[in-house]
Amino acid sequence: MNRAEPQAEESWLSLASHLADSAGRGQARGLSRLAGGKNNQVYRVEMDAGSPLVLKRYFSDPRDPRDRLRAEWDFLQHAWSRGMRCVPEPLACDTSAHAGLYSFVEGRKLLAAELNPAHIEAAIDFVLAVNARPRAALAPGSEACFALAEHVATVERRVARLEQLDPDAPHAKAAQSFVAKRLLPIWHAVKLNLEVAAQAAGIPMEQALATDDRCLSPSDFGFHNALIDAAGRLTFLDFEYAGSDDPAKLVSDFFCQPEIPVPSGYHPTFIARVADGLGLDEKGRARCRMLLDAYRIKWTCIILNDFLPLGAARRAFAETSAWAARCAAQLEKAEAKLAGLNA
């Protein structure tokens, strides 16, 4: 945990005090930058009285129109209104400042080696609780897809973006070679396999999901966005991409997160429980199975975002780690992600 930059600290402290006061929590007396935010700036806010709070400042750029604050705020308000307490409480927000104030969550990050069936069950329970009927009418999540063709198009856009890497990025030539010689050929094979599987399952690529077959997705959902307390209780965090989406995307994203990867052995059980809870038919279950490799490609692209101009700007906003070291590490992660494909 680091102190905020001196020139910015007074401004953010004033904002935190304003939001805390509007939420009936009194005045803030200090704040410290919390480590780990990849797309945002997150601060622990010390209060004159009572428990600490969290101030979150969301990345905003004209090239990226997503409203991260609104997506997270709406999702948390929905979850909190349903009595769910395994997420932070939304307290106040300022849309002009792209900032939100939330309750502080005690706990630590899980380690990949610690994952066990109870953690997987807790994640499933969370998804099903969020989707208990009647469901809230939230806006579509980030990169929401409702037909197999839309999933393919989303991944295709990300792959195409990587053909225009920032030439000034560290290790740019190695990244360009990886994209051309490894990523593109494997993606072509994955697309072909998906089309064959869809035809075998009787699912037209352009057929859109009915509204009742969609779900509320936390998006970017995984144990990298969770804390565990001393009693073993999990709290789930970071819903800036949340919204209405395809259950198959939720499942596939969950098993493609690179930071705390979920073993693929849990995949059949996860699909079965989520499908039973959401009332998915056999075609819905098949879609969850057949999209996994496409999302491994998507997450390979996400891992390589640091080589894009916008990715560099977002990282510069959120953190101060060495760019060259991070780019080298991301290339290694991308190679590891491709190694898990079935294509």
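Above: the structure in question.
Residues numbered from 1 in each chain as written. Predicted model: local features only at pLDDT ≥ 70, side-chain atom pairs only at ≥ 80, totals over all residues. Heavy atoms only, no water.

Undergrad: Before we move on, could you go through the nonpolar core and cite the residues and values that matter?
TA: Core analysis: the biggest nonpolar cluster contains 83 residues, and Phe126, Phe223, Phe236, Phe270 and Ile297 have the highest contact counts within it. Ile297 has contacts with Val155, Val159, Leu183, Ile186, Trp187, Val190, Leu338 and Leu341, leaving out every residue within four places of it along the chain. Listed in part, the 17 residues of the second largest apolar core include Trp12, Leu15, Leu31 and Ala92. (Core = buried A, V, L, I, M, F, W, Y, C linked by side-chain atoms within 4.5 Å. Buried < 20%, exposed > 50% of the residue type's maximum accessible area, 1.4 Å probe, protein only. Contact = heavy atoms within 4.5 Å.)

Undergrad: Account for the packing of helix 5 (residues 172–201) against helix 9 (residues 292–303), with residues named and values stated.
TA: Relative orientation of the contacting elements helix 5 and helix 9 amounts to 160°, with a least axis distance of 9 Å. Taken together, the axes of helix 5 and helix 9 are roughly antiparallel relative to one another. Where helix 5 crosses over helix 9, the two elements pack in a sense that is left-handed. Seen from helix 5, the contacting residues are Phe178, Leu183, Ile186, Trp187 and Val190; seen from helix 9, they are Asp293, Ala294, Ile297, Thr300 and Cys301. Of the residues in the contact of helix 5 with helix 9, the class split is eight nonpolar, one polar and one charged. (Axes fitted to C-alpha atoms, helices over the stretch in contact; angles between N-to-C directions. Helix = DSSP H or I, 4+ residues; strand = E, 2+ residues; numbered from the N terminus. Parallel < 35°, antiparallel > 145°, perpendicular 65-115°, else oblique. Left-handed = near helix turned anticlockwise from the far one by under 90°. Nonpolar A, V, L, I, M, F, W, Y, C, P; charged D, E, K, R; others polar.)

Undergrad: So, the pairing of strand 3 (residues 40–47): which residues are in play, and what are the values?
TA: Taking burial as the measure, the eight residues of strand 3 include seven buried ones, the bulk of the element. As paired elements, strand 2 (residues 28–33) and strand 3 share five bridges and run antiparallel to each other. Among the inter-strand pairings, Gly30 is bridged to a residue of strand 3, identified as Glu46. The pairing of strand 3 with strand 4 (residues 53–58) spans six bridges and is antiparallel. Across the sheet, residue Val45 finds its bridge partner in strand 4, namely Leu53. With antiparallel pairing between neighbouring strands as the criterion, strand 3 and strand 4 make up a hairpin whose turn holds five residues, including Gly50 at a positive phi of roughly 95°. (Pairing = 2+ DSSP bridges.)

Undergrad: Explain unusual backbone geometry residue by residue, including any values.
TA: Between Arg133 and Pro134 the backbone carries a cis peptide bond, its omega angle lying at 0°. Relative to the helices and strands, Pro134 resides in the loop between helix 3 (117–130) and helix 4 (148–161). The backbone of His171 shows a phi angle near 60°, a positive value even though the residue is not glycine. The phi angle at Ser219 is positive, at roughly 55°, despite the residue not being glycine.

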